[in-house]
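Below are the chains, spelled out letter by letter.
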Amino acid sequence: MRLATVGTSWITRDLIAAARQQGRLEPWAVCSRTMERGRAFGAENGIQRVFDSYEALLADPQVDVVYLGTPNSLHFSQMKAALLAGKAVICEKPFVSNMEEFHQIKALVEEQGSMVFEAITTCYVPNFHRLRDALNQIGPVHAARLEFTQKSQRFDALKNGSRITAFDRNYSGGALYDIGVYAVHLAAGLFGKPEKVFCISNWQQQDIDTSDALLLGYPEMVCSVLCSKDSHSDQRSVIQGENGYLLIQGSPAYCDDIQLCLAGQEPVTISQPRQWQRMTYELDHFVSAFERHDLDAVRRGLEQSERVMDILCRARMHCGLRFAADEQ
């Protein structure tokens, strides 16, 4: 299968490397706003076919799969166009900007039998499954604290008044949609859809969130989610049950270090080192589904993306954060 990537950021570079490691998805073309930048990116990544027109890329019958590594606000229109052109789509997180966009994409996928997935590492790395399987060992879970904090290299420029796409409401940016989405995916993947969602945000500049604290309410448990692009921490997440707790040290995007701590016993490390680059696991899942035209896999992926989008949008509604996409 031939892959065309849209966007020239570091995440697209990592996706191309993961595709080569996976081995069954050929990085075949790149698309950029300018031919000069596209050729430079293609040369850096060993790809000769370059487009400076998204419409031309979609019209090329040799392109099987389109990866969207573009600003969040463009995901909906670009995904819709690719699906209408008959392409399989891998869309970088977050899937879209709001629930209206999500429902339109879901309806189109169901109508056409299309193949589409949200690119998100969290629920595809093997340690996520080890974490989920260990929940029964700590007994009924009543509380969880999930954290992803990582000060942005561009935060100081933001404070000085620069316009930064990742921190721009016109591009559906901000901390929640950039890195908070990983912790929300973890919460939704482990605990499902919450009954209640509350959010308090820190607004630094230009009407956008730079850190957020979410509280998710479930029938018999509460889960807090902290995400920040304006500060540092050692990133520790904890899931607490009646018989013990699970400690996740490091990013919830990968769950690389998980300890099972049962009451009265020594902690046990249940995580295993990753054998592949972090994005290769999700790509392996997507490519297998593409090859089998596995619509059940697409449905399950969309159900998870819908749970996450629901939490993100309810959190934004609670704290008053609106995007330009909400006004269209």
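Predicted, not measured: the structure shown is a model, and the values here were computed from it.

Quick notes on the rules
- Residues numbered from 1 in each chain as written.
- Predicted model: local features only at pLDDT ≥ 70, side-chain atom pairs only at ≥ 80, totals over all residues.
- Heavy atoms only, no water.
- Pairing = 2+ DSSP bridges.
- Helix = DSSP H or I, 4+ residues; strand = E, 2+ residues; numbered from the N terminus.
- Contact = heavy atoms within 4.5 Å.
- Axes fitted to C-alpha atoms, helices over the stretch in contact; angles between N-to-C directions.
- Phe/Tyr/Trp six-rings, centres within 6.5 Å; stacked < 30°, edge-to-face > 60°.
- Buried < 20%, exposed > 50% of the residue type's maximum accessible area, 1.4 Å probe, protein only.
- Core = buried A, V, L, I, M, F, W, Y, C linked by side-chain atoms within 4.5 Å.
- Parallel < 35°, antiparallel > 145°, perpendicular 65-115°, else oblique.
- Left-handed = near helix turned anticlockwise from the far one by under 90°.
- Nonpolar A, V, L, I, M, F, W, Y, C, P; charged D, E, K, R; others polar.
- Arc of directions from axis to C-beta.
- Patch = residues over 30% accessible without salt bridge, like charges linked within 9 Å, V, L, I, M, F, W, Y side chains within 5 Å.
- Areas by Shrake-Rupley, 256 points an atom, 1.4 Å probe, with all protein chains shown as cover.
- Salt bridge = Lys/Arg side-chain N within 4 Å of Asp/Glu carboxyl O.

J.: Help me understand the sheet that holds strand 10 (residues 221–228), please; the structure alone is not making it clear to me.
T.: Adjacent strands of a sheet pair through backbone hydrogen bonds, lying either parallel or antiparallel. On the basis of which strands lie adjacent, the open sheet formed by eight strands has the order 8-9-10-7-11-12-13-14 and mixed pairing. One side of each edge strand has no neighbouring strand; the edge strands of this open sheet are strand 8 (196–203) and strand 14 (268–269). Note: strand 7 (residues 141–149) against strand 10, seven bridges, orientation parallel. Its bridge partner lying in strand 10, F148 is registered against C227. Contacting strand 7, strand 9 (209–218), strand 10, strand 11 (236–241) and strand 12 (244–249), helix 8 (residues 175–191) runs over the sheet at an angle of about 15 degrees to strand 9.

J.: How should I be thinking about the packing of aromatic side chains in this particular structure?
T.: Aromatic ring pairs are defined here through the distance separating the ring centres and the angle between the ring planes. Counted according to the given criterion, the structure contains eight aromatic pairs. Ring centres of Y177 and F323 lie 4.9 Å apart, and the angle between their planes is 85 degrees; on these two criteria the pair is classed as edge-to-face. Taken together, the residues span a long stretch of sequence, with Y177 in helix 8 and F323 in the segment after helix 10 (295–319) at a distance of 146 residues. Taken as a pair, Y177 and F323 share a single burial class, namely buried.

J.: Got a minute to help me understand the nonpolar core in this structure?
T.: For soluble globular proteins, nonpolar side chains are generally found buried alongside one another. The biggest cluster of nonpolar side chains holds 108 residues, and the ones touching the most others in it are L57, M79, F191, C223, I239 and L246. The dominant element in this core, judged by the number of residues it contributes, is helix 8, at 13 residues. With residues near it in sequence (within four places) discarded, C223 still touches A144, L146, A187, F191, L214, L215, L216 and Y218. I16, V30, F41 and V50 belong to the second-largest nonpolar core, a separate cluster that totals five residues.

J.: Help me understand the packing of helix 6 (residues 126–134) against helix 8, please; the structure alone is not making it clear to me.
T.: Between two packed helices, the angle of one axis relative to the other and the distance separating the axes together describe the packing. Relative orientation of the contacting elements helix 6 and helix 8 amounts to 45 degrees, with a least axis distance of 10 Å. Classified by the interaxial angle, the pair formed by helix 6 and helix 8 is oblique. Of the two possible hands of crossing, helix 6 and helix 8 adopt the one that is right-handed. On the side of helix 6, the interface is formed by F128, L131 and R132, while helix 8 contributes L186, G189 and L190. Taken together, the residues of the contact of helix 6 with helix 8 sort by class into four nonpolar, one polar and one charged.

J.: Any chance you could explain helix 6 here in plain terms?
T.: All of the buried residues along helix 6 are N127, F128, L131 and A134. Seen end-on, helix 6 carries its buried residues on one side only, within an arc spanning 130 degrees. Of the surrounding elements, those touching the buried residues of helix 6 are helix 8, strand 11, strand 12 and strand 13 (257–262).

J.: Just to check I follow, could you spell out the sheet that holds strand 6 (residues 116–119) for this structure?
T.: Strand order in the open sheet formed by six strands is 3-2-1-4-5-6, and the pairing between neighbours is parallel. Of all strands in the sheet, those with a lone pairing partner are strand 3 (49–51) and strand 6, marking the two edges. Strand after strand, the sheet turns through a mean of 25 degrees between neighbouring axes, direction not considered. Looking at chain direction, strand 5 (residues 88–92) and strand 6 are connected through four bridges and run parallel. Among the inter-strand pairings, I90 is bridged to a residue of strand 6, identified as F117. In the packing of helix 1 (residues 10–22) onto the sheet, contacts are made with strand 1 (2–6), strand 2 (26–31), strand 4 (65–68) and strand 5, and the angle to strand 1 comes to roughly 170 degrees.

J.: Please explain the environment of G69 as it appears in this structure.
T.: In this fold, G69 is placed in the loop between strand 4 and helix 4 (75–84). Sequence separation of G69 and E92 is 23 residues, and the distance between their C-alpha atoms is 5.5 Å. In this structure, G69 is in contact with V6, G7, S9, T12 and E92, ignoring residues within four places of it in sequence.

J.: Could you clarify how one ought to interpret a nonpolar patch on the surface in this entry?
T.: Together, F198, L215 and V222 line one region of the surface with nonpolar side chains, adding up to about 240 Å² of accessible area. Turning to its location among the elements, L215 is positioned in strand 9.

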